[in-house]
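# Secondary and tertiary structure notes
Residues per chain are reported as follows:
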Amino acid sequence: MREVNVTRAMGAAMRRIHVGNALSAFGLGFTVPYLYVYVAQVRGLGAMTAGLVLAVFAVAALIVLPFAGRAIVRRGPLPVLIAALVTAAVGSLGLGLAGTAATVLLAAAALGAGQAVMQPALATMIVDVSTADTRSRAFATQFFLQNLGLGVGGLIGGHLVDATRVDSFTMLFSIEAAMFLVLVGVMATVRMPRAPRIEGAPASADRGSWKQLLGNRAMVQLSVLGFVLFFACYGQFESGLSAYGVEAAGISTSALGTALAANTLMIVVAQFAVLKFVERRRRSRVIAAVGLIWAVAWVVAGYAGLGHDSREMATAAFVSTYALFGLGEAMLSPTVAPLVADLAPTGMAGQYNSAFALVKQLALAVGPAVGGPMGASLHAPYVVTFLLFSLGITVLALRLGRRLTAVQDQPWLARSRSRVVARGGTSTGAVAAEA
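Since the model is a prediction, treat every value here as computed from it, not as a measurement. (Residues numbered from 1 in each chain as written. Predicted model: local features only at pLDDT ≥ 70, side-chain atom pairs only at ≥ 80, totals over all residues. Heavy atoms only, no water.)

### Some details on the overall build of the protein
- Each helix and strand counted, the protein has 19 helices and 0 strands in total.
- In the protein, which comprises 435 residues, the share counted as buried stands at 53%.
- Across the protein, every contact between residues at least 6 apart in sequence was considered, and the portion connecting residues at least 24 apart equals 85%.
- As displayed, the protein has an accessible area near 18400 Å², and 66% of this comes from carbon and sulfur atoms. (Helix = DSSP H or I, 4+ residues; strand = E, 2+ residues; numbered from the N terminus. Buried < 20%, exposed > 50% of the residue type's maximum accessible area, 1.4 Å probe, protein only. Contact = heavy atoms within 4.5 Å. Areas by Shrake-Rupley, 256 points an atom, 1.4 Å probe, with all protein chains shown as cover.)

### Here's the deal with a positive patch on the surface
- A surface patch of like charges, here positive, comprises Arg217, Arg399, Arg402 and Arg403.
- Broken down by element, the positive patch gets its largest block of residues, 3 residues, from helix 16 (residues 379–403).
- With respect to the helices and strands, the residue Arg217 is situated in helix 9 (residues 217–232). (Patch = residues over 30% accessible without salt bridge, like charges linked within 9 Å, V, L, I, M, F, W, Y side chains within 5 Å. Salt bridge = Lys/Arg side-chain N within 4 Å of Asp/Glu carboxyl O. Lys, Arg positive; Asp, Glu negative; His and termini not counted. Charge placed at Lys NZ, Arg CZ, Asp CG, Glu CD.)

### A word on the packing of helix 2 (residues 35–42) against helix 7 (residues 166–188)
- At a closest axis distance of 11 Å, the pairing of helix 2 and helix 7 adopts a crossing angle of 145 degrees. The handedness of the crossing between helix 2 and helix 7 comes out as left-handed. For the pair formed by helix 2 and helix 7, the contact residues are Leu35, Tyr38 and Val42 on the first element and Val166, Phe169 and Phe173 on the second.
- Across the contact of helix 2 with helix 7, the residue classes break down as 6 nonpolar, no polar and no charged. (Axes fitted to C-alpha atoms, helices over the stretch in contact; angles between N-to-C directions. Left-handed = near helix turned anticlockwise from the far one by under 90°. Nonpolar A, V, L, I, M, F, W, Y, C, P; charged D, E, K, R; others polar.)

### What about the packing of helix 14 (residues 336–343) against helix 15 (residues 349–377)?
- Running from N to C, helix 14 and helix 15 point in directions that differ by 135 degrees, and their axes come no closer than 8 Å. In terms of their interaxial angle, helix 14 and helix 15 are classed as oblique. Helix 15 is crossed by helix 14, and the crossing has right-handed handedness. Here helix 14 contributes Val336, Val340 and Leu343 to the contact with helix 15, which in turn contributes Tyr352, Asn353 and Phe356.
- Taken together, the residues that form the contact of helix 14 with helix 15 break down as 5 nonpolar, 1 polar and no charged. (Parallel < 35°, antiparallel > 145°, perpendicular 65-115°, else oblique.)

### Observations concerning the nonpolar core
- If you look at the biggest cluster of nonpolar residues, it comprises 115 residues, and the most contacted ones within it are Met187, Leu222, Trp294 and Phe318.
- The dominant element in this core, judged by the number of residues it contributes, is helix 5 (residues 101–128), at 12 residues.
- When near neighbours in sequence (up to four residues on either side) are disregarded, Met187 contacts Arg16, Ile17, Gly20, Leu78, Leu81, Leu85, Leu122 and Met125.
- Of all hydrophobic cores here, the second largest spans 5 residues; its members include Ala61, Ala116, Ala357 and Leu358. (Core = buried A, V, L, I, M, F, W, Y, C linked by side-chain atoms within 4.5 Å.)

### A look at the side chain of Asn353
- You can see Asn353 is positioned in helix 15.
- Excluding residues that lie within four positions of it along the chain, Asn353 makes contacts with Pro120, Ala123, Thr124, Val127 and Val340.

### Observations regarding the packing of aromatic side chains
- All told, the structure shown has 16 aromatic pairs when counted by the stated rule.
- Ring centres of Trp298 and Phe386 lie 5.4 Å apart, and the angle between their planes is 25 degrees; this geometry places the pair in the stacked category. With Trp298 in helix 12 (residues 283–306) and Phe386 in helix 16, the pair connects residues that are 88 residues apart, well separated along the chain.
- Following the ring pairs from residue to residue traces out a cluster consisting of Phe227, Phe231, Tyr244, Trp294, Trp298, Phe325, Tyr382, Phe386 and Phe389. (Phe/Tyr/Trp six-rings, centres within 6.5 Å; stacked < 30°, edge-to-face > 60°.)

### Section: the side chain of Gln115
- If you trace the backbone, Gln115 turns up in helix 5.
- Among the residues examined, Gln115 registers a relative accessible area of 10% and is labelled buried.

Structure follows, in structure tokens:
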């Protein structure tokens, strides 16, 4: 009876966590796409200030994430999440009311810091209320809801704003702030049961220690792999790849919007079908396959920009590039985040999630800086460079697979063992696989 109650409690907590994921992503899509127009044109603060606001988002994340992991380990993910939501609400309301460059930048820093901390806190909560049986599906659902929230938020926000009226943007940011505060109330009702962990992770002797994390060779290799993943894909979406499409392939802005929609649609349509495929595959080989799929995507992008074919064929190829990236993202969502959690020693999931989020932010900061100029002017070198990065993902993933334990690479072994143990037997197959 106690086990049934724990399972129910975990399910109830997971549903609220998924609501948190969806609403936090909705808030990001609701306002961030319109920040540049709001700051530069509506508030009349100029393009330089608008660019600084976008940079402040990244800098704020890089500053707070190293401390967020230790706070999650010491205080738990829920208090940290609530603090992040309140900070984001203050930042969002501040942006809606700010009229000077200084106040806009301060508000943007608060919003950026709050949103950066939300993700590792939510990810750690997912780890705490999931098991080896449910973790991959939980992270796949998280990714699905994040993309859905971003898309819906951007769509609704675009219909609410009017570039000729400051009050329409004030209303937009005020709604976002109110939504974050409502989310505080929702998340405050979450009851966090202690979830069983996957086997194969060592116990933590020094909680919150960056030195200990850096001593975990598998986590270091996964972080390097994660940097390349985010640099070669997410870091190019709205910078280098879009610039390449416009300059080399002659893609119109409407076609670029279609390509971004194709990426989201692929994720929404394929996520759970892909989940069934990857759940029984080695994680390292799934990531390696993503590198190959993205290599094909860059070849298709090369055809779009360098094939000298019709505009229609170039557009179709460019849209297909974004769709292929979406397929790879759908394969990664139930693979990489659970692997980060399963590499973490007991009690250090927050530290590991924050460290990986920091790697992501670094890649998203460097990616546009490198890819933007290359995509706009060095068309062939741009495609070749990121084709090689994609192939590098495959190589790094296969090397990582040699560092992982059998259970970390094949989490279903833990499920098989737990069933056999529950029946009082010995799982010879799992033992052999461990050896």
